[in-house]
Amino acid sequence: MNWNDLKLFLAIASRKSLGGAAEELNISSTTVFRHLNAFENEVGARLFDRGKGGYELTELGAEMFGLAQNIESSFYEIDRRVAGKDTQPRGKVVLTAPSSFAYWFLPEYLRTFNALYPEITVELLISNQELNMSNRTADLALRVSNNPPENLIGRKVCNIKWGIHGTQQYLAEYGEPVDGGGLTGHRIIGASGNLAMNTAFSWLDRHMPNEIVQRCDDLVTMSYLAANDHGLVLLPDDIQHPALKRCFTLEEAGTNHLWVLTHPDLRKVERIRILMGFLGKALSAEKRFTYG
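Every chain's residues receive numbers from 1 upward, in the order its sequence appears when written. For this predicted model, a pLDDT threshold of at least 70 governs which residues receive local features, and a threshold of 80 or more governs which side-chain atom pairs are given and counted, while totals over whole chains, interfaces and linings are taken from all residues. Computation of side-chain values: all heavy atoms of the structure, hydrogens and water removed.

Participant: I tried to follow the overall build of the protein on my own but got confused; where do I start?
Facilitator: Counting secondary structure elements, the protein contains ten helices and eleven strands. Along the first, second and third principal axes, the C-alpha set of the protein runs to 75 × 50 × 30 Å. Relative accessibility decides the category of a residue: with a 1.4 Å probe and only protein chains considered, values under 20% of the type maximum give buried, values over 50% give exposed, and everything between is partly exposed. Within the protein, the proportion of its 292 residues that are buried is 47%. Excluding contacts between residues fewer than 6 apart, the proportion of contacts in the protein whose partners are at least 24 apart in sequence is 73%. Per-residue accessibility takes into account occlusion by the displayed protein chains alone, with areas from the Shrake-Rupley method and a 1.4 Å probe. When the accessible surface of the protein is totalled, it reaches about 15100 Å², and 49% of it is carbon and sulfur. Each helix is a run of H or I in the DSSP string that is no shorter than four residues. Each strand is a run of E no shorter than two, and both are numbered from the N terminus. Contact definition: two residues touch when any of their heavy atoms are within 4.5 Å.

Participant: When you look at the environment of Val 157 in this model, what are you seeing that I'm missing?
Facilitator: Relative to the helices and strands, Val 157 is located in strand 6 (residues 153-166). Judged by relative accessible area, which is 7%, Val 157 ranks as buried. Spatially, the C-alpha atoms of Val 157 and Leu 195 are 23 Å apart, while their sequence positions differ by 38 residues. In this structure, Val 157 is in contact with Leu 258, Val 260, Gly 280, Leu 283 and Ser 284, ignoring residues within four places of it in sequence.

Participant: Help me understand the nonpolar core in this model?
Facilitator: Residues Leu 140, Leu 183 and Leu 234 are the most contacted members of the largest nonpolar core, which totals 60 residues. Beyond its immediate chain neighbours, meaning those up to four positions away, Leu 234 contacts Trp 162, Gly 163, Ile 164, Ala 200, Phe 201, Leu 204, Leu 219, Leu 250 and Ala 253. Only buried residues count toward a nonpolar core. Its members are Ala, Val, Leu, Ile, Met, Phe, Trp, Tyr and Cys residues joined through side-chain atoms within 4.5 Å.

Participant: Looking at this model, I keep getting lost on the pattern of salt bridges. Mind explaining?
Facilitator: Where charged atoms from two side chains of opposite charge approach closely, those side chains can pair. Criterion for a salt bridge: a side-chain nitrogen of Lys or Arg within 4 Å of a carboxyl oxygen of Asp or Glu. If you walk through the whole model with that rule in mind, you get twelve salt bridges. Residue Lys 16 pairs with Glu 56 through a salt bridge whose shortest N-O separation is 3.5 Å. Note that Lys 16 is positioned in the loop between helix 1 (3-15) and helix 2 (18-25) and Glu 56 in strand 2 (residues 54-57), a separation of 40 residues in sequence. Across the pair Arg 273 and Glu 270 runs a salt bridge whose closest N-O atoms are separated by 2.8 Å. Here the residue Arg 273 and the residue Glu 270 both occupy positions in helix 10 (residues 270-284), the gap between them amounting to three residues, near one helical turn.

Participant: How should the packing of aromatic side chains be read in this particular structure?
Facilitator: Where two aromatic rings form a pair, the distance of their centres and the angle of their planes describe that pair. Any pair of Phe, Tyr and Trp rings, taking the six-membered ring for Trp, is counted once the centres come within 6.5 Å. Such a pair is stacked with planes under 30 degrees apart, edge-to-face with planes over 60 apart, and tilted for the rest. A complete count under the given rule lists twelve aromatic pairs for this structure. Arranged with centres 5.7 Å apart and planes meeting at 90 degrees, the rings of Trp 162 and Phe 201 form a pair that is edge-to-face. Residue Trp 162 is found in strand 6, and its partner Phe 201 is found in helix 8 (residues 199-207); the two are separated by 39 residues along the sequence. The exposure classification of Trp 162 matches that of Phe 201, with both residues buried. Aromatic ring contacts, followed pair by pair, group Phe 9, Phe 39, Phe 48 and Tyr 55 into a single cluster.

Participant: I would appreciate a short explanation of the layout of surface pockets in the present structure.
Facilitator: With a probe scaled to a water molecule rolled over the atoms, the places where space remains empty come into view. Reported here for the largest pocket is a volume of approximately 940 Å³. Along the walls of the largest pocket sit 27 residues, with Asn 128, Val 144, Leu 195, Asn 198 and Leu 219 positioned nearest its centre. Put simply, the parts of the chain that give the lining of the largest pocket at least two residues each are helix 5 (99-104), strand 5 (140-144), helix 9 (219-227) and strand 11 (255-262). Here the element with the most residues in the lining of the largest pocket is strand 11; it accounts for three residues. Residues that form the lining of the largest pocket fall into these classes: nine nonpolar, 13 polar and five charged. With a 1 Å grid laid over protein atoms only, a set of points is called a cavity when a 1.4 Å probe fits there but cannot get out and a pocket when it is open yet has protein on both sides within 12 Å along at least five of seven lines; lining residues have an atom within 4 Å of a point. Grid points are joined across faces, edges and corners, and a volume is the space filled by probe spheres set on the points. Charged residues are taken to be Asp, Glu, Lys and Arg, nonpolar residues to be Ala, Val, Leu, Ile, Met, Phe, Trp, Tyr, Cys and Pro, and polar residues to be all remaining types, Gly included.

Participant: Whenever I open this one, helix 3 (residues 29-43) confuses me. Can you help?
Facilitator: For an α-helix, the turn length of 3.6 residues means that residues three or four places apart are oriented alike. Multiply 1.5 Å by the residue count of a helix minus one, and that product is the helix's expected span. With 15 residues, helix 3 should reach 21 Å at 1.5 Å per residue; the first-to-last C-alpha distance of 21 Å fits that figure. All buried positions along helix 3 are accounted for by Thr 31, Val 32, Leu 36, Phe 39 and Glu 40. In a view along the axis of helix 3, the buried residues occupy a sector of 160 degrees, so they form one face of it. Set apart from the buried face of helix 3 by more than 90 degrees, the exposed residues are Thr 30 and Asn 41. Gly 44 sits one or two positions beyond helix 3 and adopts a positive phi of about 90 degrees. This arc describes the spread of directions from the helix axis toward the C-beta atoms.

Here it is as structure tokens:
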């Protein structure tokens with residue numbers, strides 16, 4: 001039994017389909033199917049029940065799943081500890097960041113970083129979701145959070161406020177509000193899905209329900225809706241759409257906290273330490289976050 005067989009087994013068990021496992025492992029569904037059959041032949045028993053609902057673990061498969069997860073954790077711990085001994089300022093760092101920072105901040109920052117450290121390659125992974133950094137899907141994370149995961153270490157690099165934005169054309173036609181009370185009578189883009197539970201949009205739903213004319217569950221898309229004159233939009237200051245004018249800070253929306261995080265085993269890896277320090281310094285000094 002080898003590690004690649006166990007990785008394939010875990011991927012199918014987690015995703016409950018050959019297609020999901022193939023996507024996770026970056027191989028074809030045909031290859032997954034072939035290797036699964038070979039693995040079950042080697043074990044001498046079926047590990048999955050195939051049904052319309054996908055691939056479900058058999059009793060033996062469920063027993064093996066727990067053992068395989070322990071083996072997976074051990075492999076990843078070895079990988080992190082070996083990587084943690086790396087003291088050279090070279091190699092690849094996988095950085096995960098929300099789309100807003102990837103669009104409007106990181107291109108400029110990484111150009112400067114690449115000039116300073118040409119032997120360090122930064123691979124960007126764009127995601128707003130929490131990642132399991134224990135398996136080194138990413139080495140470093142930029143995350144907006146009030147309570148970052150306890151299993152990661154890092155620092156809070158800045159606070160980010162929320163502002164009301166609109167196009168010059170919209171503001172010329174409807175007027176420019178100067179505070180929350182001035183939003184009455186305006187056209188406002190609200191949130192949907194999980195984003196609607198955010199403190200900022202909960203405030204809009206409570207106080208301006210009749211003004212909301214359009215909803216969306218993605219902040220970047222909301223900025224483009226506003227840029228096309230659907231109405232005013234409430235955005236955190238990491239969204240920097242050039243077609244929009246920031247009218248005022250909506251204090252009732254609260255403040256976001258931006259963190260740069262890594263796994264404890266990787267904190268002394270030189271290339272990760274360098275990039276972590278660079279991003280922390282750049283974001284702490286970011287003038288676009290200094291609105292009143």
